[in-house]
Amino acid sequence: MSFDLDRLLPAAPTSPLDETGAPRIGAYAGSMEHVDLGPLRGTGLRGRLRQITREKRWTFVMLTSRDVVCCFAIVDLTYAANCFIFAADRHDKKMIVEKSFLGLPGVSAHVAERPGVGARASFSAKGAELHVERVGAKYLGTARVDDGKLSLNFTLDTQPAAPAVTLIVPVAGGILNCTQKWSALPAHGSLVVGERRYDLDGGFGGMDYTYGLLARETIWRWGFASGLATDGTPVGFNVGEGINSAVPGENALWFGNQPCYLPDVRFTFDRQNPLEPWRIQSDDGSVDLRFTGAGFHREARNLVVAASKFVQVAGEFSGKLRGRGGKVVEVQGLPGVVEDQFVRW
């Protein structure tokens, strides 16, 4: 099955399921109003067990400026909750903060069933308070970690940026995944780590909202960037290999007033040395990127019923992407992150 990379995406539906409960498989521009996968879970004990073992929700936020790349995630696995936050100094090429926290399921983490207006995600546990919500055309967020040793306040403007990309796809070994990716959003705010203050005004950011009934074992590689192209135009992209590879996939480029799709890509990297250069390429040459890391966040957890091994690397992309109509977009030192993840949940 093929997918026309140049076609304009239709507007996102209000919800991922139609009136009969069937999923609206496809790729769309914009945000869904509400994500409720309840009808897919079934009823009775079997349905409740499937919900516990398959239902995953998270919100990931990336903020970039001339000086820093800062990322955090709030994750609700139904039976477990966690969050992490990290930041890398782009000039010193090193991590300035890297923190991870576990919380109580159903208590510490909350990710609402709304990715667009009304979106809300929060995490609260000893040593960490993180919050992000959508109010009107803006995402507003705060983080306070280690009694204020880290303080983050930010705004991401969704207008006049190109719209989000929403994907509703079946999951091999699972049931259904609903994800919203959004990049090249103008950022404002500040990050304070210890005595050092990083200004986010004039920078950019992006968000990943995911709510799915996923497979027991899930593997993916991911690249996410937001900033300026070499010609000074705001640009962002999302590329992945693994979880959302079903046609049409999640690979998208934000450049201009409408997002466009990118073809399948492959990641080449040294798993034992994540700061070595990564290559992200498509077979047709539409995507040809090199990523150089400044620092990384790595976790390996075993929660008995779940286990994960992943690394997220903050750094910079250089190379080219071919957008709609064959337009070649060149990037040099574009800030972003890459990820290599395996989870059993």
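I will try to describe carefully the structure that is included in this document. Note that the structure is predicted; figures quoted are calculated from it, not measured. (Residues numbered from 1 in each chain as written. Predicted model: local features only at pLDDT ≥ 70, side-chain atom pairs only at ≥ 80, totals over all residues. Heavy atoms only, no water.)

1. Section: the overall build of the protein chain
Inference 1: Tallying secondary structure elements over the protein chain gives 2 helices and 23 strands in all.
Inference 2: In terms of C-alpha radius of gyration, the protein chain reaches 19 Å, essentially the compact-globule figure of 20 Å for 345 residues.
Inference 3: Projecting the C-alpha coordinates of the protein chain onto the three principal axes gives extents of approximately 55 × 50 × 40 Å.
Inference 4: Residues counted as buried form 53% of the 345 residues belonging to the protein chain.
Inference 5: Intrachain contacts of the protein chain at a sequence separation of at least 6 include 56% that bridge at least 24 residues.
Inference 6: Put simply, the protein chain shows about 14300 Å² of open surface, and 50% of that area lies on carbon and sulfur atoms.
Inference 7: Counting 38 positive and 37 negative side-chain charges, the protein chain places the centres of these two groups 4 Å from one another. (Helix = DSSP H or I, 4+ residues; strand = E, 2+ residues; numbered from the N terminus. Rg over C-alpha atoms; globule rule 2.2 N^0.38 Å. Buried < 20%, exposed > 50% of the residue type's maximum accessible area, 1.4 Å probe, protein only. Contact = heavy atoms within 4.5 Å. Areas by Shrake-Rupley, 256 points an atom, 1.4 Å probe, with all protein chains shown as cover. Lys, Arg positive; Asp, Glu negative; His and termini not counted. Charge placed at Lys NZ, Arg CZ, Asp CG, Glu CD.)

2. As for the pairing of strand β11 (residues 165–170)
Inference 1: With 5 of 6 residues buried, β11 is to be regarded as a mostly interior element.
Inference 2: Here 4 bridges tie strand β1 (residues 26–29) to β11, and the two strands are oriented antiparallel to one another. Bridged to Ala29 within β11 is Val165.
Inference 3: Sheet analysis places β11 next to strand β12 (residues 176–193), joined by 6 bridges and oriented antiparallel. Residue pairing for β12: Ile168 is matched across the bridge by Cys178.
Inference 4: Linking β11 back to β12 in an antiparallel pair, the connection comprises 5 residues, with Gly173 at a positive phi of about 80°. (Pairing = 2+ DSSP bridges.)

3. Quick word on the pattern of salt bridges
Inference 1: Enumeration over the complete set of coordinates arrives at 14 salt bridges.
Inference 2: In this structure, Glu316 engages Lys93 in a salt bridge whose closest nitrogen and oxygen atoms are separated by 3.7 Å. Taken as a pair, Glu316 in strand β22 (residues 307–322) and Lys93 in the loop between β4 (81–89) and β5 (94–103) lie far apart in primary sequence, 223 residues in all.
Inference 3: What makes Lys93 partly exposed here is its relative accessible area of 45%. (Salt bridge = Lys/Arg side-chain N within 4 Å of Asp/Glu carboxyl O.)

4. Overview of unusual backbone geometry
Inference 1: Here the residue pair Gln159 and Pro160 is connected by a cis peptide bond, since its omega of 10° sits within 30 degrees of zero.
Inference 2: Mapped onto the secondary structure, Pro160 falls in the loop between β10 (150–157) and β11.
Inference 3: Positive phi values are uncommon outside glycine, yet Thr78 reaches one of about 75°.
Inference 4: With respect to the helices and strands, the residue Thr78 is situated in the loop between β3 (68–76) and β4.

5. A short note on the pairing of strand β14 (residues 203–213)
Inference 1: When you tally the buried positions in β14, you get 11 out of 11 residues, the bulk of the element.
Inference 2: Of the two faces of β14, both are covered, the one formed by Gly203, Gly205, Met207, Tyr209, Tyr211 and Leu213 as well as the one formed by Phe204, Gly206, Asp208, Thr210 and Gly212.
Inference 3: Summarising the sheet, strand β2 (residues 55–64) and β14 pair through 10 bridges and their orientation is antiparallel. Counted as the bridge partner of Thr59 is Tyr209 from β14.
Inference 4: When β12 meets β14, the two strands line up antiparallel, connected through 10 bridges. From the neighbouring strand, Ala187 faces β14, where its bridge partner is Gly203.

6. Details of the nonpolar core
Nonpolar side chains tend to gather and get buried jointly when the protein is soluble and globular.
Inference 1: Ranked by size, the top nonpolar core spans 61 residues in total, and within it Phe123 and Leu152 carry the most contacts.
Inference 2: For this core, the element with the highest residue contribution is β12, accounting for 8 residues.
Inference 3: In this structure Phe123 touches Ile74, Ala81, Asn82, Cys83, Phe101, Leu102, Gly103, Ser108, Ala109, Ala128, Glu129 and Leu130, once residues within four positions along its chain are discounted.
Inference 4: Judged by nonpolar contacts, the second largest core, of 25 residues, contains Val75, Ala88, Ala294 and Val343. (Core = buried A, V, L, I, M, F, W, Y, C linked by side-chain atoms within 4.5 Å.)

7. Here's the deal with the environment of Leu9
Inference 1: Structurally, the position occupied by Leu9 is in the segment before β1.
Inference 2: The class of Leu9 is buried, set by a relative accessible area of 11%.
Inference 3: When the C-alpha positions of Leu9 and Gly26 are compared, they lie 9.4 Å apart, and in sequence the two are 17 residues distant.

8. Considerations on the state of the cysteines
Inference 1: Under the defined criterion, the tally for this structure stands at 0 disulfides.
Inference 2: Cysteine Cys70 is unpaired, with the sulfur of Cys71 as its nearest cysteine sulfur at 6.5 Å.
Inference 3: Relative accessible area serves as the criterion here: at 1%, Cys70 is assigned to the buried category.
Inference 4: Left unpaired, Cys83 is separated from the closest cysteine sulfur, that of Cys70, by 12 Å.
Inference 5: A relative accessible area of 0% means that Cys83 is categorised as buried. (Disulfide = S-S within 2.5 Å.)

9. Some words on the environment of Ala225
Inference 1: Note that Ala225 resides in strand β15 (residues 217–228).
Inference 2: Not counting residues within four places of it along the chain, the set of residues in contact with Ala225 comprises Met62, Ser183, Val235, Gly236, Phe237, Phe317, Leu334, Pro335 and Gly336.

10. Points about the side chain of Arg221
Inference 1: You can see Arg221 is positioned in strand β15.
Inference 2: Ignoring sequence-local partners within four residues, the contact set of Arg221 consists of Val239, Gly240, Glu241, Phe267, Phe269, Glu339 and Asp340.

11. Observations regarding the packing of aromatic side chains
Inference 1: In the structure shown here, the tally under the stated rule is 11 aromatic pairs.
Inference 2: Judged by centre distance (5.9 Å) and plane angle (20°), the rings of Trp58 and Trp220 are stacked. A residue pair is termed long-range when its members are at least 10 positions apart, and Trp58 in strand β2 and Trp220 in strand β15 qualify at 162 residues. The two residues Trp58 and Trp220 agree in class, both being buried.
Inference 3: Judged by centre distance (5.5 Å) and plane angle (40°), the ring pair of Phe84 and Phe310 falls under tilted. (Phe/Tyr/Trp six-rings, centres within 6.5 Å; stacked < 30°, edge-to-face > 60°.)

Everything listed is a geometric property; what it means functionally is a separate question.
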